[in-house]
Amino acid sequence: MSTQTLDRETTVRRAPRAVIISAWAVPIMVLGQFAMIAIVPVALVLIGTLRDARLKALRWGAIALTAAYVTPLALWAIGPERAQSLSKDMHPVFAAIIVGVGVAFAVAFHVLRRKSRTEAV
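Residues numbered from 1 in each chain as written. Predicted model: local features only at pLDDT ≥ 70, side-chain atom pairs only at ≥ 80, totals over all residues. Heavy atoms only, no water.

Asker: Can you help me understand helix α2 (residues 17-31) in this one?
Answerer: Every α-helix carries 3.6 residues per turn, so stepping three or four residues along brings you back to the same face. For α2, spanning 15 residues, the distance from its first C-alpha to its last is 22 Å, which sits close to the expected 21 Å at 1.5 Å a residue. Taken together, the buried positions of α2 are occupied by V19, I20, S22, A23, V26, P27 and V30. (Helix = DSSP H or I, 4+ residues; strand = E, 2+ residues; numbered from the N terminus. Expected span 1.5 Å × (residues − 1). Buried < 20%, exposed > 50% of the residue type's maximum accessible area, 1.4 Å probe, protein only.)

Asker: Is there a simple way to explain the pattern of salt bridges in this structure?
Answerer: Two side chains of opposite charge can pair, provided their charged atoms sit close to one another. Considering all chains together, one arrives at one salt bridge under this definition. The residue D52 makes a salt bridge to R54 at a minimum N-O spacing of 2.8 Å. Taking relative accessible area as the criterion, D52 reaches 14% and is therefore assigned buried. (Salt bridge = Lys/Arg side-chain N within 4 Å of Asp/Glu carboxyl O.)

Asker: What's the story with the environment of Y69 in this structure? I'm lost.
Answerer: The topology assignment puts Y69 in helix α4 (residues 59-78). Classification of Y69 as buried rests on a relative accessible area of 1%. With sequence-adjacent residues up to four places away left out, Y69 is seen in contact with A35, M36, A38, I39, V42, L86 and I98. (Contact = heavy atoms within 4.5 Å.)

Asker: Before we go on, may I ask you to explain the nonpolar core in this structure?
Answerer: Buried together is how nonpolar side chains tend to be arranged in soluble globular proteins. Within the largest apolar cluster, 24 residues are counted, with the highest numbers of intra-cluster contacts made by V45, Y69, L86, I98, F105 and F109. For this core, the secondary structure elements donating two or more residues are α2, α3 (39-51), α4 and α6 (92-120). Per-element accounting of this core gives the leading share, six residues, to α4. (Core = buried A, V, L, I, M, F, W, Y, C linked by side-chain atoms within 4.5 Å.)

Asker: Is there a simple way to explain a nonpolar patch on the surface in this structure?
Answerer: Taken together, the side chains of W24, I28, V103, V107 and V111 present a nonpolar region at the surface, about 420 Å² in accessible area. Those elements that place two or more of their residues in the nonpolar patch are α2 and α6. Considering every element that reaches the nonpolar patch, the biggest residue donor is α6, with three residues. Along the chain, W24 falls in helix α2. Accessibility expressed as a relative area gives 32% for W24, which makes it partly exposed. (Patch = residues over 30% accessible without salt bridge, like charges linked within 9 Å, V, L, I, M, F, W, Y side chains within 5 Å. Areas by Shrake-Rupley, 256 points an atom, 1.4 Å probe, with all protein chains shown as cover.)

Okay, here's the thing in structure tokens:
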């Protein structure tokens, strides 16, 4: 039976996959009318970005994405006449802002990752 040793350097330098997948999932879910379920990837983006020191440059983007998502969620929750789903109650401008901020965050993540790869070489 052979055991594999984990190289600490390769595991530490690995980009947080959950953050980038979640960042791309938010705009897709909002456009696909699954805005209420998008709370999970928004939370993963925020928590993952705040916990990982390498993503310090993206923290304001994660906070902006969270604020863009929480605003229509709060309006839906406290509204006097709510629709059955957040997607039906959300104004199209809010949806456009969430999609725009989500795509901008994901692109910034890729740019930051590419920049850090070129600096490491």
